[in-house]
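# Observations on the three-dimensional arrangement
One-letter residues, chain by chain:
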Amino acid sequence: MKKAVHHWQIAAMMGNMQARHNLGCAEAKNGNYNRAMRHFMISAMCGDEDALNDIKEGFRSGHVTKQDFEKALRDYQASCDETKSEQRDKAAVIMARGRE
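All of the points below concern the structure found in this document.

Definitions and cut-offs
Residues numbered from 1 in each chain as written. Predicted model: local features only at pLDDT ≥ 70, side-chain atom pairs only at ≥ 80, totals over all residues. Heavy atoms only, no water. Helix = DSSP H or I, 4+ residues; strand = E, 2+ residues; numbered from the N terminus. Buried < 20%, exposed > 50% of the residue type's maximum accessible area, 1.4 Å probe, protein only. Contact = heavy atoms within 4.5 Å. Areas by Shrake-Rupley, 256 points an atom, 1.4 Å probe, with all protein chains shown as cover. Lys, Arg positive; Asp, Glu negative; His and termini not counted. Salt bridge = Lys/Arg side-chain N within 4 Å of Asp/Glu carboxyl O. Polar contact = N/O pair within 3.5 Å; in protein donor to acceptor, adjacent residues only side chain to side chain.

The next subject is the overall build of the chain. Within the chain one finds 6 helices and 0 strands. Counting all 100 residues of the chain, 28% fall into the buried class. Sequence-distant contacts in the chain: of pairs separated by 6 or more residues, those separated by 24 or more amount to 36%. For the chain, the computed accessible surface area is about 7,200 Å², with 52% contributed by carbon and sulfur atoms.

A few words now on the side chain of Arg20. Checked against the element boundaries, Arg20 lands in helix H2 (residues 17-29). No salt bridge is formed by the buried Arg20. Its closest oppositely charged neighbour is Glu27, at 9.1 Å. Side-chain polar atoms of Arg20 contact the side chain of His39, separated by 3.2 Å. Setting aside chain neighbours within four positions, we find Arg20 in contact with Ala12, His39, Ile42 and Ser43.

On to the pattern of salt bridges. One pass over the full model with this rule turns up 4 salt bridges. The residue Glu57 makes a salt bridge to Arg60 at a minimum N-O spacing of 2.8 Å. Highlighted residues: Glu57 and Arg60, both in helix H4 (residues 49-60), separated by 3 residues, approximately one helical turn. Classification of Glu57 by relative accessible area gives partly exposed; the value is 42%.

Spelled out as structure tokens, the structure:
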């Protein structure tokens, strides 16, 4: 596990949000909830829905404040809004037709 965490740290520093989320999961597993939630906050800010769900669970269990949860929701939504475009919507429709 140590080696995996090391590689996730490198990947997270290079901008890989899945690695950042994995670091949060590893920290939570080790009981470091504050560090885990910081990793999840960064990942959610970049549009990671799994991280947002983990923050929601952290809020329910008392590890995340209401203000932090609201900030995570706003940041996640802003990230999703940034990636929306008419071109992407059209591509999604075409892809969905291809799966039928």
